[in-house]
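# Structural overview for review
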Amino acid sequence: METLTNTAPAAPATEERPLLDMRDVEITFQGSNGPVKAVRGANLTVMPGETVAIVGESGSGKSTMALAAMGLLAKNGKVTSGQILFDGRDLAQATEKEYQAVRGDQIGMVPQDPMSNLNPVWKIGFQVKETLRANGLGGKDIDGKVAEVLTEAGLPDAERRAKQYPHEFSGGMRQRALISIGLACRPRLLIADEPTSALDVTVQRQILDHLDGMTAELGTAVLFITHDLGLAAERAEKVVVMYKGQVVESGPALELLRNPQHPYTQRLIASAPSLSSRRLAGGTTGETVAADDNVIEVEHLTKVFKIRDKGFRKTEFTAVDDLSFAVKRGTTTAIVGESGSGKSTVAKMVLNLLEPTSGTIRFDGEDMGRLSEKELFRFRRRVQPIFQDPYGSLDPMYSIFRTIEQPLKVHGIGDAKSRQNRVRELLEQVSMPASTMHRFPNELSGGQRQRIAIARALALEPEVIICDEAVSALDVLVQAQVLNLLNELQENLGLTYLFITHDLAVVRQIADNVVVMQNGQLIESGTTDQIFAAPESAYTANLLDSIPGGQLLV
Amino acid sequence: MLMYMLRRLLQMLPVFFGATLLVYFLVFATPGDPIAALSGGKPMSPNVEAALRAQYNLDQPFWIQYGLYLKNLLTLDLGVSFSGQPVADELARAFPVTARLAVLALVFETVFGVLFGLIAGLRRGRFFDSSVLVLSLVVIAVPTFVLGFIFQYVFGVELGWARPTVGSGAPWGDLIMPGVVLGLVSFAYVLRLTRTSVAENMNADFVRTATAKGLSRSRVVRVHILRNSLIPVVTFLGADLGMLMGGAIVTEGVFNIPGVGSLLFDAILKGETPTVVAVVSVLVLVFVLANLLVDLLYALLDPRIRYA
């Protein structure tokens, strides 16, 4: 490892020149409706070896700032005024060639989505290798070096894995590969753009810990971009809050967290799920409900998938293994676990979209496995889903009216006029103006789309709503709004929620009961308070520890 | 992989039999009596006529005719044309000519289509892009025979760069201009496909990451944009090879090339069932094999695709 370290360790504190100094930066995009200023007069400094986090919601300009520092703005974007001083040199008007010299060995990048940031047609090793070569670190034994940087990033068995393609890697493994690419040439500044937002909490923590360790050891400065204030406070020395293209507040992380000045920062802190430790007010608690009024009872539920192996052999994979739990009427039960724990498979079976291999699911006392076609159709009215991706779950060719009206039409409820009134009423329930019904999904934001999905789910007046990661894809502020909405609806309509999520911070806000799953098996279940106060299993404790910022304010 | 290829080759059998049966039936059902046409409308002695009918099995019902044809096919006997030539010989003469023509067209459309498409995709909305797009639209809109006559007149007659018609033996040099004409429409499609694909890949996350690694622009384009953009193009080219062989009829007519197209055209006019079926069957085989080749090439370009 020594041989690769070609930069000096962190500069001594006496040298006060910032490594990255962005002054009065203004970035303009040429849109089809004229120029749009994405960043307006923003300032930012990163000292050598320091970790600085930019926090803000989507569209706040935080990624744009970081990309501008590397000269990676989209073609229609330009730095229209201000300076981007890197090590004293202004990069704002640098040519492509000059940027090329800086990228890789001076400024490295770890991108957000590990699924789309590796080229699917080249082997991992190749993609690391070309990074080293492009920055003049080729030399002999380049394969050895590739294995070395991959090992550093925490990739086990690196020599063999370097010969694999990205699709043979899990999300966490891919992100490790991307980290090794970002740090391969020992840059002095690493730009980490939401490096773990797409990963499970536990994996997220491992990867961030590893990244912390590596950058500390190499003396790399880090510009960390995140929408999660808790994460920022935990990982960075300094936090910069951006809102609508402007820096609204900046300062030492903990100070900013404890004593926010700007109203936006205050709102951000108030709605950050990782920082709040209470159930949202208004929700029912387990005590007010009759103890035995279970709307869903799952017993010994098992799902085995047959996976095609090499040739004609098939192997069996048990996605859900002998799972039992019950959901009380009018309460919220959360199923928690990492990806691959089988929680979404459970949701699909409860929705009757997937047939269990064995075990029973009783809805209101009725065994769903025995329902006839007709009964099943009636059952569908009573249980409705909300899915994770508000972009994929609405048909882009359907107007909002048609989207919400469709379940009513399918089930033959009312005539055209009464249906229109109902759609209006539903939009009102999810706090959307009635005029929305003539619009199309692409005209709405992610949070608005999720509201439409909720309205559609409510159309048939269901008793149970299954939320499969319903807020995971949303920004913190929007997430808080949607959670509040769900909570209100529960109070007003007496809904029962089955909440599938990997995010324990969300669970604490909305759930009354928790079911923890791992590898298809039940680890433990109980009331939210019990689980959070005294988790019985090490697995749950580990999940709880992984909530970013969890230890900061308690 | 081997299993996959075997399965694909087995799949060719029903395709082959289906195609021959269909074509045989179509020619059988075509109105007009081939023997009467052969004599040019003049009266023929009943004996001769009966002998001719027997020779070509025309006195038998359809199923017997087709059965006899298949039986001969198994012994690699493709039958005899009305002019007394074995069909196999005629195919052997015409096929290489058309194959050469199709290869030239394919090379032309691939090289220039991908090159122009790449440049247009990288410079979307700029002058080169817009002019190439308009040009490709013109090429797609104008029928091939018109393009053929224009090329023949401009390059062959006026400028004298190429021979306006193809000489005997159809040497490679003479086939270049017809090859370009034949590949022109597909060239426009390849260009547009590459352009869209490149423009899409340019905005891919992994391309931005590649740039962030410090790679040069040309390396990003070659290694990360071009290869990924070629995947849909390869699919098109495979399907197109078959189209080129079949579509050569018009081009062969314009440039007077003694290829499969003219052979097929004459045979259809004369109602020569054995020749028509033989030519079409060969074309079907070429088409199916080309598609197999594409699927294998696909796996080579995109490691996510594995055949088992």
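Scoring rules and cut-offs
Residues numbered from 1 in each chain as written. Chains lettered and ligands numbered in written order. Predicted model: local features only at pLDDT ≥ 70, side-chain atom pairs only at ≥ 80, totals over all residues. Heavy atoms only, no water. Contact = heavy atoms within 4.5 Å. Buried area = accessible area lost by both parts, 1.4 Å probe. Salt bridge = Lys/Arg side-chain N within 4 Å of Asp/Glu carboxyl O. Polar contact = N/O pair within 3.5 Å; in protein donor to acceptor, adjacent residues only side chain to side chain. Helix = DSSP H or I, 4+ residues; strand = E, 2+ residues; numbered from the N terminus. Nonpolar A, V, L, I, M, F, W, Y, C, P; charged D, E, K, R; others polar. Pairing = 2+ DSSP bridges. Axes fitted to C-alpha atoms, helices over the stretch in contact; angles between N-to-C directions. Core = buried A, V, L, I, M, F, W, Y, C linked by side-chain atoms within 4.5 Å. Buried < 20%, exposed > 50% of the residue type's maximum accessible area, 1.4 Å probe, protein only. Phe/Tyr/Trp six-rings, centres within 6.5 Å; stacked < 30°, edge-to-face > 60°. Patch = residues over 30% accessible without salt bridge, like charges linked within 9 Å, V, L, I, M, F, W, Y side chains within 5 Å. Areas by Shrake-Rupley, 256 points an atom, 1.4 Å probe, with all protein chains shown as cover. Lys, Arg positive; Asp, Glu negative; His and termini not counted. Charge placed at Lys NZ, Arg CZ, Asp CG, Glu CD.

## Things to note about the interface of chain B and chain A
Often, the extent of an interface is quoted as the loss of accessible area on bringing the components together. Facing the 25 residues of chain B at the interface are 29 residues of chain A. Summing both partners gives a buried area of about 2,400 Å² for chain B against chain A, and 57% of it is carried by carbon and sulfur. Seen at the junction of chain B and chain A, the total is two salt bridges. The salt bridge partner of Glu-130 of chain A is Arg-219 of chain B, with a shortest N-O separation of 2.9 Å. Our count for the chain B to chain A interface comes out at 13 residue pairs in polar contact (both at pLDDT 80 or more). Residue assignment for the side of chain B that touches chain A shows that the elements contributing at least two residues are helix H9 (205–212) and helix H10 (217–255) of chain B. Of all the elements, H10 of chain B adds the most residues to the side of chain B that touches chain A, at seven residues. Considering only residue class, the side of chain B that touches chain A consists of ten nonpolar, six polar and nine charged.

## Observations concerning the sheet that holds strand S16 (residues 383–386) of chain A
Residue and element names in this part refer to chain A. Overall, mixed pairing links the six strands, which are arranged S16-S17-S18-S13-S19-S20 in an open sheet. The open sheet terminates on both sides in strands that have one partner only, identified here as S16 and strand S20 (521–527). Sheet twist, expressed as the mean angle between neighbouring strand axes with direction ignored, is 15°. Where strand S17 (residues 464–468) meets strand S18 (residues 496–501), five bridges bridge the pair, whose relative direction is parallel. Bridge assignment links Ile-465 to a residue of S18, and that residue is Tyr-497. Relative to S18, helix H11 (residues 343–350) is tilted by about 150°, and along the sheet it contacts strand S13 (332–336), S17, S18 and strand S19 (513–518). Across the sheet, helix H12 (residues 373–382) is in contact with S16 and S17; its angle to S16 comes to roughly 55°.

## As for the nonpolar core
Note that soluble globular proteins tend to have their nonpolar side chains buried in a common cluster. By size, the foremost hydrophobic cluster in this structure holds 53 residues, and its most contacted members are Tyr-69, Leu-78, Leu-184, Phe-255, Ile-257, Val-276 and Val-279 of chain B. With residues up to four places along the chain from it excluded, the contact list for Phe-255 of chain B reads Gly-148, Gln-152, Pro-164, Thr-165, Val-166, Met-177, Pro-178 and Val-181 of chain B.

## Some details on the packing of aromatic side chains
Residue and element names in this part refer to chain B. Tallied over the entire structure, the rule returns 17 aromatic pairs over all chains. Between Phe-16 and Phe-17, the aromatic rings sit 5.8 Å apart at their centres with planes inclined by 75°, giving edge-to-face as the arrangement. Judged by centre distance (5.4 Å) and plane angle (85°), the rings of Phe-25 and Phe-62 are edge-to-face. Note that Phe-25 is positioned in helix H1 (residues 2–29) and Phe-62 in helix H4 (residues 62–74), a separation of 37 residues in sequence. Residue Phe-62 is classed as buried on the basis of its relative accessible area of 10%. Through a chain of ring-to-ring contacts, the aromatic side chains of Tyr-24, Phe-25, Phe-62, Trp-63 and Tyr-66 assemble into a single cluster.

## What to know about a positive patch on the surface
Taken together, Lys-75 of chain A together with Arg-123, Arg-124, Arg-126 and Arg-217 of chain B make up a surface patch of like positive charges. Among the structural elements, Arg-123 of chain B can be located in the loop between helix H5 (87–122) and helix H6 (127–141). Given the relative accessible area of 43%, Arg-123 of chain B is considered partly exposed.

## Side note on the sheet that holds strand S7 (residues 189–193) of chain A
Residue and element names in this part refer to chain A. Pairing in this open sheet of six strands is mixed, and the strands run S6-S7-S8-S3-S9-S10 from one edge to the other. Among the strands making up the open sheet, the edge pair consists of strand S6 (107–110) and strand S10 (246–252). Ignoring which end each strand starts from, the neighbouring axes of this sheet average 20° apart. Examined bridge by bridge, S6 and S7 share four bridges and lie parallel to one another. Directly across from Ile-107, in S7, lies its bridge partner Leu-189.

## What to know about a nonpolar patch on the surface
Residues and elements named next belong to chain B. A cluster of nonpolar side chains, Ile-150, Tyr-153, Val-154, Val-157, Leu-159 and Trp-161, forms an exposed patch at the surface whose accessible area comes to about 630 Å². Along the chain, the position of Leu-159 falls in the loop between helix H7 (144–158) and helix H8 (172–202). For Leu-159, a relative accessible area of 44% translates into the label partly exposed.

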